[in-house]
Amino acid sequence: MKLSKRMQAMQSSPIRRLVPYADEARARGVKIYGLNVGQPDIETPSVFMDAIRNTEIKVLAYANSKGDPELIKATSDYYKRIGLPYEPEDIIITNGGSEALMWAFVAVADVGEEILVPEPFYTNYRSFSAPYSVTLKPITTYAENGFALPSEDEIVAKINDKTRAIALSNPGNPTGVVYTREEVELIAKIAKEHDLFIIADEVYREFAYEGLKATSFGEMTDVLDRVIIVDSVSKRFSACGARIGSLATKNKELPEQLLKLGQGRLCAPTLEMIGSTALYKLDPSYFDPIRQRYEERRDVLCDGLAAIDGVVCMKPMGAFYAIAKLPVKNAEDFAKWMLTDYTDNNETVMVAPVEDFYQTLGMGVDEVRVAYVLKVEDLKRAVEILDKALKVYPDRV
Ligand SMILES: Cc1ncc(COP(=O)(O)O)c(C=O)c1O
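Please read all numbers here as calculations on a predicted model, not as lab measurements.

Draft legend 1. Expanded view of the overall build of the protein. Along the protein, the regular secondary structure elements total 14 helices and 13 strands. Over its C-alpha trace the protein gives a radius of gyration of 21 Å, about what one expects of a compact globule, namely 21 Å for 397 residues. Across its three principal axes, the protein shows a C-alpha extent of roughly 60 × 55 × 55 Å. Across the 397 residues of the protein, 56% fall into the buried class. Taking the contacts inside the protein whose residues are at least 6 apart along the sequence as the reference set, 77% of them involve residues at least 24 apart. With 48 positive and 59 negative side-chain charges, the protein shows a spacing of 3 Å between the two charge centroids.

Draft legend 2. View of the nonpolar core. Counting 133 residues, the largest nonpolar core has Leu 35, Ile 115, Ile 199, Phe 217, Leu 305 and Phe 334 as its most contacted members. Domain assignment of the residues forming this core places at least three in each of domain 1 (5–43 + 288–392) and domain 2 (46–284). The residues contacting Phe 334, other than those within four sequence positions of it, are Leu 326, Val 328, Leu 386, Ala 389, Leu 390 and Tyr 393.

Draft legend 3. Focus on the pairing of strand S11 (residues 347–350). Across the two faces of S11 the burial is the same, with Glu 347 and Val 349 and Thr 348 and Met 350 all buried. Bridge count between strand S1 (residues 31–34) and S11: 4 bridges; the pairing is parallel. Paired with Ile 32 across the two strands is Thr 348, which belongs to S11.

Draft legend 4. Looking closely at the packing of helix H2 (residues 19–27) against helix H13 (residues 331–340). At a closest axis distance of 8 Å, the pairing of H2 and H13 adopts a crossing angle of 20°. As the angle between them shows, H2 and H13 are arranged roughly parallel. Crossing handedness for the pair H2 and H13: left-handed. On H13, the residues touching Tyr 21, Ala 22 and Ala 25 of H2 are Lys 336, Leu 339 and Thr 340. Along the lines of polarity and charge, the residues of the contact of H2 with H13 split into 4 nonpolar, 1 polar and 1 charged.

Draft legend 5. The arrangement of the site of the ligand in detail. Inspection of the region around the ligand gives 14 residues, with Gly 97, Ser 98, Asp 201, Tyr 204 and Ser 232 positioned closest. In this structure, an oxygen atom belonging to the ligand sits 2.5 Å away from a side-chain N or O atom of Ser 98. In this structure, Asp 201 approaches the ligand through a side-chain N or O atom, which is 2.6 Å from a nitrogen atom. In isolation the ligand exposes 400 Å². Once the protein is present, 94% of that is buried.

Draft legend 6. How the structure looks around the environment of Met 314. Position of Met 314 relative to the elements: it lies in the loop between strand S9 (312–313) and strand S10 (321–325). Take Met 314: its relative accessible area is 38%, and that puts it in the partly exposed class. Between the alpha carbons of Met 314 and Arg 226 there is a distance of 33 Å; along the sequence they are 88 residues apart. With residues near it in sequence (within four places) discarded, Met 314 still touches Ala 143, Glu 144, Gly 146 and Ile 323.

Draft legend 7. Molecular detail of the domain arrangement of the protein. Here the protein is partitioned into domain 1 (5–43 + 288–392) and domain 2 (46–284). The C-alpha-based centres of domain 1 and domain 2 are spaced at 25 Å. Between domain 1 and domain 2 lies a buried interface of about 3100 Å² when both sides are counted; carbon and sulfur atoms form 57% of it. For the domain 1 face of the interface with domain 2, the top three residues by lost area are Met 317, Phe 357 and Gln 359, together amounting to 22%. If you look at where domain 1 meets domain 2, you find 2 salt bridges. Here domain 1 is connected to domain 2 by 21 residue pairs in polar contact (both at pLDDT 80 or more). With 6 residues, helix H12 (residues 287–306) is the largest single contributor of residues to the side of domain 1 that touches domain 2. In terms of residue class, the side of domain 1 that touches domain 2 is made up of 19 nonpolar, 7 polar and 8 charged.

Each value, and the rule that gives it
- Residues numbered from 1 in each chain as written.
- Predicted model: local features only at pLDDT ≥ 70, side-chain atom pairs only at ≥ 80, totals over all residues.
- Heavy atoms only, no water.
- Helix = DSSP H or I, 4+ residues; strand = E, 2+ residues; numbered from the N terminus.
- Rg over C-alpha atoms; globule rule 2.2 N^0.38 Å.
- Buried < 20%, exposed > 50% of the residue type's maximum accessible area, 1.4 Å probe, protein only.
- Contact = heavy atoms within 4.5 Å.
- Lys, Arg positive; Asp, Glu negative; His and termini not counted.
- Charge placed at Lys NZ, Arg CZ, Asp CG, Glu CD.
- Core = buried A, V, L, I, M, F, W, Y, C linked by side-chain atoms within 4.5 Å.
- Domains from an automatic or database assignment.
- Pairing = 2+ DSSP bridges.
- Axes fitted to C-alpha atoms, helices over the stretch in contact; angles between N-to-C directions.
- Parallel < 35°, antiparallel > 145°, perpendicular 65-115°, else oblique.
- Left-handed = near helix turned anticlockwise from the far one by under 90°.
- Nonpolar A, V, L, I, M, F, W, Y, C, P; charged D, E, K, R; others polar.
- Near = heavy atom within 4 Å.
- Polar contact = N/O pair within 3.5 Å; in protein donor to acceptor, adjacent residues only side chain to side chain.
- Areas by Shrake-Rupley, 256 points an atom, 1.4 Å probe, with all protein chains shown as cover.
- Buried area = accessible area lost by both parts, 1.4 Å probe.
- Salt bridge = Lys/Arg side-chain N within 4 Å of Asp/Glu carboxyl O.

In structure tokens form, the structure reads like this:
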């Protein structure tokens, strides 16, 4: 017996592969401040559980493969409220944004074809492309200029006859970048001129700070037939465990084709679709205090990290992540050492090494991603621990 090469060639998630070390540390009684995963600590709105409690289901049956019609309608209404034109027939409900991304990648590219992605990118894009032998081609962006997109010429130079799409998250994970309207328009222009799809991962849409508003690709009216919007309740409503996401597109062929994948996996979870319907009916003012809370946390974490000797941390404008460049030779070794060898008063910090968020070898080796999803006191303590740890870390540069 042998396992497939493509499976063995897949990476394990750099966000999660240090978990066994964290489990061992916890078993030794160590308290860990988890800055590694984008798991918000904000309470899921009570309407979610209330809606589920109030259903009178006698048989927990399969739902429609396209999704519960009420959730589809609520999602469409949400889009309309924010000025996006998606009708119920344009929307398919998926098992999280993750399944939506996987389907989008499968739908637009065949074996050996390429999808352009600004790097660093959400590392699981690799897990969504590698099983289908689709290649991710990086457009490198840099912390020094806020992870802005490079020039049109530089992007176009990456396109060849195998290129099928550009995929990007906006606001971005792991960079926290919020692309300007000009950048979004540039991608739309390039996609139109080179006949590409745009896979627009907008799961952090509401999380843009300092009064900034993230421009959706759904606003790019002359390319809507090539835009695939990926969404999710995970981060938006702090409901990661619900596993409810969606795809929305004005492309006339795609919904029917995607439904084949939907029918193959039968349906998204019935109860969670009921809960998510209530979430999408929430008033948009729900986000105001939450956005404020994240902004405050961002300031605490980024200002704190930037004040540590040798650390570079640019303040991101969106999502709830930041990239910190550390004065260490290898950030993954440092992250592991924090779990296996270091404690301060029996406490330590877990961070995600960023190397595997880049496709280009050698990039991000001394960078970590931190998520500001903990309360302010915990973030302050995490910064204090990192500061002390870096002072005694043996492999410092
Ligand atoms: C940019 C981005 N897209 C998609 C996802 C997938 O989220 P989910 O499958 O929980 O909806 C995540 C999760 O962290 C993410 O950061």
